[in-house]
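Residue strings, one per chain:
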Amino acid sequence: LQLNIQKTIIESHTIETPKASSFWRNDGAVTSSSSGMFTLGKGADLTQTSVQMSVSIRKDLSPKSDMETSKVRARYASAMVNTKIPSGIEKRMMRVTKKKPPKELTVQIFLDAADHSDDNQKSSKLKRKSKAALITQSFAPTSGSGRIFIGFRTSQTTGLGIHLAAPLVPTVEREAIDFVDPALRDFNSELLEVSGILMRLALENEMYRLGTNWNWKEEREAWEAQQEDRKKQQKAEEEEKKLETDDVESTKDSSDDKSSISSSLYSFATFMARGVTSTVKEAVKAVPELLGEDSETTELLNPIDDRPLSIAERDAIILMKAYCPRQSTPDALVGQCLAKGFGRCMASSSPPVLTVDGVARGVDSRLTNNGMEAFGIPHAVRRIMLENAREYHTVIANCPTMSIDDLIKAMKENILSEEMLVRLLKWYPKYARLNNPRRDKSLRLKEVIRYHKENYSKGGQSSDAEAEVHQLDSIFYFAPQRMSKKLPLPETVFPQSLVGSIGLRTLEDRHFTDWFQPLPFDIWTGFISEHTCMRNGNEKDDAMRILVLATLSKHFDSLESATAKSRFVELLPLTSPCLPFDITTSDVNLPASNTKTAVPNELYLPDTDLSAFSGLQTFYKASKRLKKEGVSDAFLLAMGVRKTIKIEFLFLHLDTLNWNENPKPLIKYLIDADLSQQDLLKLRSTRYLPAANDETSVYAPSQLYFKDKD
């Protein structure tokens, strides 16, 4: 049997101990145990080394058999520890161990490291169950499989994916740590505590090294550019009707990365009281709720993030998984002592995590929350990172979940494209159903949302500095479904193009009640009455003008009470040339079949019979197109369009019509005419009737009497 073990040092560096930022802030690292029995050294006494272990072994006992080789990359941290054992404990230890405690001792931790070479990855997959692989696996423990070494391996686990080598005092059987004898219990407990401090320092050092070496922005931009190219290619293929299914490699890579790194997550001894197990169960239970009632809801609550894991992210996942806790066995006190030192080392600073913006403290990072991560929340943790090391993020680093306050802060700092605005407005009601944000927070969110219009966000011809920025808080209404999409709208109303993208049903959601309301028709009437199509009488606005009049007429006819109709008419542009009229060939000064506009009280209904007055004056009637488009006579009359000749015109042409000599035709016309109250008042007070046997004067009706029947 032949066995070859080779260790190759890849890189080694000193672990720097974080110092307090100022003398009044307690944010530096603690490097000694609780009672000061053990203190970590500094400088060269604290080192971290990355190595590659290669193990070669013959497949069987025959000297002619082939050698199988397995390689693994691992990292270990080593610390020189100064001891200061109290005399009482030292005497009791000498009584038990028969020797003095050392003045200095060495503590080492071993954990897995990512191996990105193709040869090693293929070798590990093909020979994972080989004898050589079984040996190399011991150099890089998986989550929760770390062991305690006291010169030899013991049955005691650390509860982490980390091996610990330290001169702990074992039991007589030399299989476990002695926590029975009071003196040995103090010695071993504090040595484990200082080992936990070393674990924390190694974690801090390695995570920030990853953050320094990872150009996250460049990688993300490269991936986004790659995605855009892929979308264009797919669109071109669809246009050419070519069905190809090869364009899914990156997604497969992403899923392979996740499945190869993900594993079970369990609780850590000192954190069990914080409900680690229940937290995991709640997360799993919440998944069906996030799926949503349709594919769009599912995607909004679970944004697609198919970017493959980068090298730095792989390294970070393996490092964080090493610190994902399980209960140490057989003695849970080991895990508790390690956790005590880990927490005491930097009590005022949460452990670091890798976010989309680089490395950040756990308390400064944010975990995904029902799709909120799609809107540029700073220091967001990718979902794939969270799923691969959930307990590290939720328990060890204590990362908070994204909240509406984080979204408000992000919206203050960013300006959305129209595409992202549409996504936000589609997403918010679905998020609100799950989280029920406070009303004041919801209103505050609307206040800070800004966006570029479509010509900037999609055209790409103007820079952000030149682009016009719009405030969502300036929009109060959306056009109801019954309103034509061709009609002009006030600036306080959602553009119809946006409504089409967002969906009217979404804007009508109860969670948008404080944001938007259906546009009241009176407000739109006041706006359209001042619009150029109703004020200037331009010929180019004829089609829009008739559409507006048809809409106004339909609303007028739907009103039931006379008071409501009267108030509505007051909003109309009664003194503007807003009504079209047809010009006939009898008007010699105007082209035939032309259309112009006039003030309502200057026009007559299209069906009015004015033949009795022909030759006296040109009369203009409202265009017949109005009736064809649904504009009612009642609406036109309410606007001031006339059904009868003006009383003033009758009085002016009494002599021309010879009605002074024979008033019977005049009386008959007045009886048949639909006169207004104002016209009737003028008829009562104006002198226009002759008296019997008196042809020299005319009289008002109130000045005359009926003849006796006799």
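The coordinates are above.
Scope of this entry: the structure provided in the associated data block.

Conventions and cut-offs
- Residues numbered from 1 in each chain as written.
- Predicted model: local features only at pLDDT ≥ 70, side-chain atom pairs only at ≥ 80, totals over all residues.
- Heavy atoms only, no water.
- Helix = DSSP H or I, 4+ residues; strand = E, 2+ residues; numbered from the N terminus.
- Buried < 20%, exposed > 50% of the residue type's maximum accessible area, 1.4 Å probe, protein only.
- Contact = heavy atoms within 4.5 Å.
- Pairing = 2+ DSSP bridges.
- Salt bridge = Lys/Arg side-chain N within 4 Å of Asp/Glu carboxyl O.

## Examining the side chain of Arg366
Link 1 in the chain: The topology assignment puts Arg366 in the loop between strand E10 (358–361) and helix H11 (383–388).
Link 2 in the chain: Among the residues examined, Arg366 registers a relative accessible area of 18% and is labelled buried.
Link 3 in the chain: Excluding residues that lie within four positions of it along the chain, Arg366 makes contacts with Ile377, Pro378, His379, Ala380, Val381, Pro400, Thr401, Met402 and Asp406.

## Some remarks on unusual backbone geometry
Link 1 in the chain: Between Thr329 and the following residue, Pro330, the backbone shows a cis peptide bond with an omega angle of 0°.
Link 2 in the chain: Despite not being glycine, Lys98 has its phi angle at roughly 70°, a positive value.
Link 3 in the chain: Turning to its location among the elements, Lys98 is positioned in the loop between helix H1 (87–97) and strand E5 (104–112).
Link 4 in the chain: You can call Lys98 exposed: its relative accessible area is 68%.

## Notes on the environment of Lys446
Link 1 in the chain: Topologically, Lys446 is positioned in helix H15 (residues 439–448).
Link 2 in the chain: Sequence separation between Lys446 and Met411 is 35 residues, and the spatial gap between their C-alpha atoms is 9.3 Å.
Link 3 in the chain: Those residues within four positions of Lys446 in sequence are excluded, and the remaining contacts are Leu472, Asp473, Ile475, Phe476, Trp515 and Phe516.

## Looking at the pairing of strand E4 (residues 67–83)
Link 1 in the chain: Two strands pair when backbone bridges link them, and strand E2 (residues 38–40) and E4 are joined in this way by three bridges, in the antiparallel orientation. Bridge assignment links Thr39 to a residue of E4, and that residue is Asn82.
Link 2 in the chain: Pairing analysis gives 13 bridges linking strand E3 (residues 46–58) to E4, with the strands arranged antiparallel. From the neighbouring strand, Ser54 faces E4, where its bridge partner is Lys71.
Link 3 in the chain: Examined bridge by bridge, E4 and E5 share nine bridges and lie antiparallel to one another. Within E5, the position partnered with Met80 by the bridge is Thr106.

## Description of the pattern of salt bridges
Link 1 in the chain: For the coordinates displayed, the defined rule picks out 22 salt bridges.
Link 2 in the chain: Arg209 serves as the salt-bridge partner of Glu11, at 3.2 Å between the closest nitrogen and oxygen. A residue pair is termed long-range when its members are at least 10 positions apart, and Glu11 in strand E1 (residues 3–14) and Arg209 in helix H4 (residues 182–213) qualify at 198 residues.
Link 3 in the chain: In this structure Glu11 comes out as partly exposed when scored by relative accessible area, which is 23%.
Link 4 in the chain: Taking relative accessible area as the criterion, Arg209 reaches 29% and is therefore assigned partly exposed.
Link 5 in the chain: Close ionic contact of Lys426 with Glu296 constitutes a salt bridge, the shortest N to O distance being 3.0 Å.

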